[in-house]
Amino acid sequence: MSTAARPDTEVVYDPATYVDGVPYGALARLRQRSPVAWTEEIPVLGWPGGPGFWLVLRHADVEQVLTQPRLFSSWLGATQIRDPPTPAALAYVRRMMLNMDPPEHSRLRRLLGRSFTPRAVAGLEQQIRGYARSLCDRVLAGDGGECDFAKDLAADLPLLALADVLGVPEQDRWLLFDWSNRVIGYQDPDYASSAEFDSSGGTPMAREAIALRPAPDGNGRMPDPRTRDGMPDLYAYAHLLADEKRRRPGNDVMSILLAQVDDDGGQVSVEEFENMFWLFAVAGNETVRNGLPGACIALLEHTDAQQELRASPGLMPPAANEKLRWWTPVMTFRRPATADCELGGQRISEGDKVVVSFASANRDESVFTDPGRFDILRHPNPHLVFGHGPHFCLGAHLARTQMDALLREVLARTSALRYAGEPSYLRSNFQRGVKRLPIAWSAD
């Protein structure tokens, strides 16, 4: 059956669609026709079908969902479209900050917010800009050449920055790359069993953890990385790292976090630390790792913006927001309804899955004039890339800093950027990922 003959909701839901790009046409039609659209969970990629969900497509409705955690819960069914495979798996993901509701979420967020001290953040910003310079020194040497922007530049910078946040030794940082691939790319065979890290060059902690890495089964499928059993190496490493930081704390955010005391005199437990480590190692990596090549694609396809930013680097901050909006790395999040309610003219029943579409909200014509246009001067730009409400991303500032630092260096060192081959996109209806981005550059 051709893509054109399929219902728009099916096109939008199918992870395979995104190998060819985000179906913005289908999202726009749904937004105009049924802005809260019932979507069947058809069987895909060898997985069984599901009960279906309400897809929320308009900016205002997405904001409404995200600011009402008592009505639209992160905890009830967790934040991924597909249901966790077992009750035990659901119980596990509910212990993650990403999948908590207030007051439990509020406690951990306060502790984490206090750990991002002004001194720690200033040190991280300085390190990020130094890393961006070093990466470009290595990759963009000479008068011109080619590279894979996604792997050679965009993958390394967030790993280096995250290693500083987490206090992970630099030689272990590619563990973060593999863990992110396995979790975010579980719908894509190229990423589901990622094993780029070479333990021979890692720390003893890394070698101990890597011994627990699961292997593919007879069908080549890895265990579900959204379960604790699917990521034993990550949790083993987090446990060892927490022990090390309690013995020998450093200046990193995680060392500061482990020393924090909450309002009741308690501290972050080992399990809470392990789950926060998962959140940073995966979510903290992927938005930037895919936002950076997305920003590069925006510049490749808009050479006038390239030249304008080279001539006026001061435009970088607003341009970074537009690059994020135009690309939107995280496309969906789930918020099940805790009670009967109405949203966008639709009656929603208690327990129904409600899934917000950031990809659609960030192209909503009622909020963004000519939303498909890439406009580095766009103002205002109330995009929802970092979420909204209680779960607004704590790392948003550092993500923007990474984007500003790397793109500023790349543009300063080049006179032209162009495609050197076709980009390759992640098969996922959750993360708008870039697996490969061959570019050519020249420096006149």
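Heads up: these notes are all about the structure in this document. Computed from a prediction, not measured in an experiment: that's the story for all the values here.

**Concerning the pattern of salt bridges**
When their charged atoms lie close together, side chains carrying opposite charge are able to pair. Counted according to the given criterion, the structure contains 31 salt bridges. Ionic pairing is found between Arg58 and Asp61, a salt bridge with its closest N-O pair at 3.0 Å. Taking the relative accessible area as the measure of exposure, Arg58 reaches 32% and is therefore partly exposed. The exposure class assigned to Asp61 is buried, which follows from its relative accessible area of 7%.

**Digging into the nonpolar core**
Buried together is how nonpolar side chains tend to be arranged in soluble globular proteins. Counting 127 residues, the largest nonpolar core has Phe149, Tyr237, Phe277 and Trp278 as the members making the most contacts within it. Examining the composition of this core, we find that 16 residues originate from one element, helix H13 (residues 270-300), more than from any other. The contact partners of Tyr237, leaving out residues within four places of it in the chain, are Val168, Pro169, Asp172, Leu175, Trp179, Thr203, Met205, Ala206, Ala209 and Phe277.

**Let's talk about the sheet that holds strand S8 (residues 416-419)**
Here three strands make up an open sheet; going across it, the order is S3-S11-S8 and the pairing antiparallel. With partners counted over all chains shown, the strands left at the sheet margins are strand S3 (144-148) and S8, one partner each. Direction aside, the axes of adjacent strands within the sheet are offset by 25° on average. Sheet topology places S3 next to strand S11 (residues 438-442); five bridges connect them, and they run antiparallel. Counterpart to Cys147 in the pairing with S11 is Ile439. Contacting S8 and S11, H13 runs over the sheet at an angle of about 100° to S8.

**Side note on the sheet that holds strand S7 (residues 354-357)**
Pairing is mixed in the open sheet, where four strands are placed in the order S1-S2-S7-S4. Of all strands in the sheet, those with a lone pairing partner are strand S1 (36-41) and strand S4 (332-334), marking the two edges. Adjacent strand axes in the sheet meet at a mean angle of 30°, parallel and antiparallel pairs treated alike. By the bridge criterion, three bridges tie S4 to S7 in an arrangement that is antiparallel.

**Side note on the packing of aromatic side chains**
Given two aromatic rings, their pairing is described by the distance between the two centres and the angle made by the two planes. Summed over all chains, the structure comprises 15 aromatic pairs. Measuring from ring centre to ring centre gives 4.4 Å for Trp174 and Phe177, while their planes differ by 55°; the resulting arrangement is tilted. Here Trp174 and its partner Phe177 are both found in helix H9 (residues 173-184), three residues apart, which amounts to about one turn of the helix. As far as the burial class goes, Trp174 and Phe177 line up, both buried. When the centroid spacing of 6.4 Å and the interplanar angle of 35° are considered together, the rings of Phe273 and Phe277 count as tilted. With Phe273 and Phe277 both in helix H13, this residue pair falls four residues apart, about one helical turn. Residues Phe273 and Phe277 agree in their burial class; the two are buried. Through a chain of ring-to-ring contacts, the aromatic side chains of Trp179, Tyr237, Phe273 and Phe277 assemble into a single cluster. The lysine or arginine in question, Arg325, covers the ring of Phe368, its NZ or CZ lying 5.2 Å from the ring centre. Here the guanidinium or amino end of Arg432 rests over the ring plane of Trp327, the centre of that ring lying 3.5 Å away.

Reading the values: rules and limits
Position numbers for residues count from 1 along each chain, tracking the sequence in the order it is written. Residue-level local features of this predicted model are given only where pLDDT is at least 70; pairs of side-chain atoms are given and counted only at 80 or more, and the full residue set underlies all totals for whole chains, interfaces and linings. No hydrogens and no water enter the side-chain calculation; it runs on all heavy atoms of the structure. Think of a salt bridge as a Lys or Arg side-chain nitrogen and an Asp or Glu carboxyl oxygen that are within 4 Å of each other. Relative accessibility decides the category of a residue: with a 1.4 Å probe and only protein chains considered, values under 20% of the type maximum give buried, values over 50% give exposed, and everything between is partly exposed. Put simply, buried Ala, Val, Leu, Ile, Met, Phe, Trp, Tyr and Cys residues joined by side-chain atoms within 4.5 Å make one nonpolar core. Only runs of H or I of at least four residues qualify as helices and only runs of E of at least two qualify as strands under DSSP, and these elements are numbered from the N terminus. Residues are treated as being in contact if the distance between any of their heavy atoms lies within 4.5 Å. In this description, strands pair whenever DSSP reports at least two bridges between them. Here the axes come from fitting lines to C-alpha atoms, over the contacting stretch only for helices, and the angles between their N-to-C directions go from 0 to 180 degrees. When the centres of two rings from Phe, Tyr and Trp lie within 6.5 Å, Trp using its six-membered ring, the rings pair. Their planes under 30 degrees apart give stacked, over 60 give edge-to-face, and anything left gives tilted. The criterion for a charge sitting over a ring is simple: Lys NZ or Arg CZ within 6 Å of the ring centre, and within 35 degrees of the ring normal.

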